[in-house]
Protein chains: 2
Amino acid sequence: MGLRERKKLEAWRTIRSTALRLISERGFDAVSVEDIAAEAGVSRTTFFSYFPTKEAVAFDLDPQALAEWRTRVADDTDDQPLWPALTDLFVDMATVIAEWLPVQKRVLQQHPGLTQSARATCDSFAPDLYRWISRRTPGGDRLQTSLVLNTAMAGYITALEVWDPTDPLDVLLDSIRDCLHRVGTGLAAWERTSSTA
Amino acid sequence: MGLRERKKLEAWRTIRSTALRLISERGFDAVSVEDIAAEAGVSRTTFFSYFPTKEAVAFDLDPQALAEWRTRVADDTDDQPLWPALTDLFVDMATVIAEWLPVQKRVLQQHPGLTQSARATCDSFAPDLYRWISRRTPGGDRLQTSLVLNTAMAGYITALEVWDPTDPLDVLLDSIRDCLHRVGTGLAAWERTSSTA
DNA sequence: TAAGAAGTTGTACTGCGTTCAGGTTTGGGT
DNA sequence: ACCCAAACCTGAACGCAGTACAACTTCTTA
């Protein structure tokens, strides 16, 4: 990893940390992009070269963490049944972003209007999961694959929604496992029958 | 229904139709709020008194249709099991907004970035559904209720995602029924056990 | 029909997000 | 050690979404 790449990641993290600190202190609307950029020591233009929107600075995934998770998903040779394996991927994801979850959740509690942006976080790893599910269920059509993905995400989102950020991370991870297990037990029965429906 | 209320609804629908027509013709980004307001014969200020954001004009629910659906949900004395009854509510919702679905879907196909806004449509009737589910599952905790809601919505969203807007509405309705049945069969088994988990 | 409530309009303002030309830093090749 | 091209950062200017507000018009009701 060259100097250039390291500096970029460092800048990304500086801007992100600065943003979350300011937003935690003053609230999302009371902090402008200008404020964040100034405090992080970069220009407004540079801010937008790292984050496409102001919301993104609070909810985008760490590039390195995301890349690591992606390679793990791509190289996955797990031979468990579909839903336990899928559950592991979501737990991995939550673990990877564990550091930021409490503060993000607290921002969401103070500003429910950002729920949409939070869901966009899921969308950033959805394509990888879609491919992974397709690979695991060769007979599945588009409907079945999307249904599995969206249902699993519903479980993940629900666990995040109900989680209290002052609780330890293990509580969240167990809740994710619980939710995916509950929603998965029904869909598992459809895995074989989808092409004959 | 007084003159005032009738005029308001009429204005709402004029703005909405105008907006969808212009957006269909030129694309979402190439139409400004100013354009829509001018073409609809109102001021920019008035536009924002009807729709909180530019996205809302494409995805908000018709006030009358929403009100009718709400009373139907509130007065619901259906004694079917949970998931068939819930399925009926979603099918009702889709029927109620059937008129706009094809053009909205076409806008989404041309502009995938608006998916988040489309999901906000669901959020506008989510609170009603949450209350309805709570009423139907007295023993359920917050996790179970949210899980049922989010999972049902995942089914609904999935059906919308894979639906081809050139297909007749019945195809979509059947798909909604199919998706909710699939995701519901698993969760139905948890209805009784949630308080002992 | 007069008073007041509800709705509309123009204006001015903040702040997000984009574009672009010009300057600076970095890594690779000689 | 030097140079060059590519990548990066920056300031300035712009368009447009969304808000605030005071003046004005239209509807309701007593």
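Use the structure listed above.
Residues numbered from 1 in each chain as written. Chains lettered and ligands numbered in written order. Predicted model: local features only at pLDDT ≥ 70, side-chain atom pairs only at ≥ 80, totals over all residues. Heavy atoms only, no water.

Remarks on the packing of aromatic side chains
A full pass over the atoms with the stated rule returns 14 aromatic pairs over all chains. Between Trp12(A) and Phe51(A), the ring centres sit 5.3 Å apart and the planes meet at 40 degrees, which makes this aromatic pair tilted. With Trp12(A) in helix α1 (residues 3–26) and Phe51(A) in the loop between α3 (44–50) and α4 (56–59), the pair connects residues that are 39 residues apart, well separated along the chain. Residue class for Trp12(A) comes out buried when judged on its relative accessible area of 6%. For Phe51(A), a relative accessible area of 0% corresponds to the buried category. Between Lys54(B) and the ring centre of Phe28(B), over which it is positioned, the NZ or CZ distance is 4.4 Å. (Phe/Tyr/Trp six-rings, centres within 6.5 Å; stacked < 30°, edge-to-face > 60°. Helix = DSSP H or I, 4+ residues; strand = E, 2+ residues; numbered from the N terminus. Buried < 20%, exposed > 50% of the residue type's maximum accessible area, 1.4 Å probe, protein only. Lys NZ or Arg CZ within 6 Å of the ring centre and 35° of its normal.)

Some thoughts on the relation of the copies chain B and chain A
Overlaying chain B on chain A yields an RMSD of 0.1 Å, the required transformation being a rotation through 180 degrees with an accompanying axial translation of 0.0 Å. On the angle and the small slide along the axis, the relation comes out as a two-fold axis. For chain B, the residue whose C-alpha comes nearest the rotation axis is Gly186(B), separated from it by 1.5 Å. Most of the interface of chain B is mirrored in chain A, where 100% of its interface residues again form contacts. (Least-squares fit on C-alpha atoms with pLDDT ≥ 70 in both. Contact = heavy atoms within 4.5 Å.)

Things to note about the protein's contact with DNA strand D
Near DNA strand D lie 19 residues; those nearest to it are Thr46(A), Arg4(B), Lys7(B), Arg44(B) and Lys54(B). Restricting attention to atoms of DNA strand D within 4 Å of the protein, one finds that 60% of them are sugar or phosphate atoms. Ser43(A) has a polar backbone atom sitting 3.0 Å from a phosphate oxygen of DNA strand D. Within the side chain of Thr45(A), one N or O atom sits 3.1 Å away from a base oxygen of DNA strand D. Listed by contribution, the elements that provide at least two residues to the surface near DNA strand D are α1 and α3 of chain A together with α1 (3–26) and α3 (44–50) of chain B. Counting residues per element, the surface near DNA strand D draws most heavily on α3(A), at 4 residues. (Near = heavy atom within 4 Å. Polar contact = N/O pair within 3.5 Å; in protein donor to acceptor, adjacent residues only side chain to side chain.)

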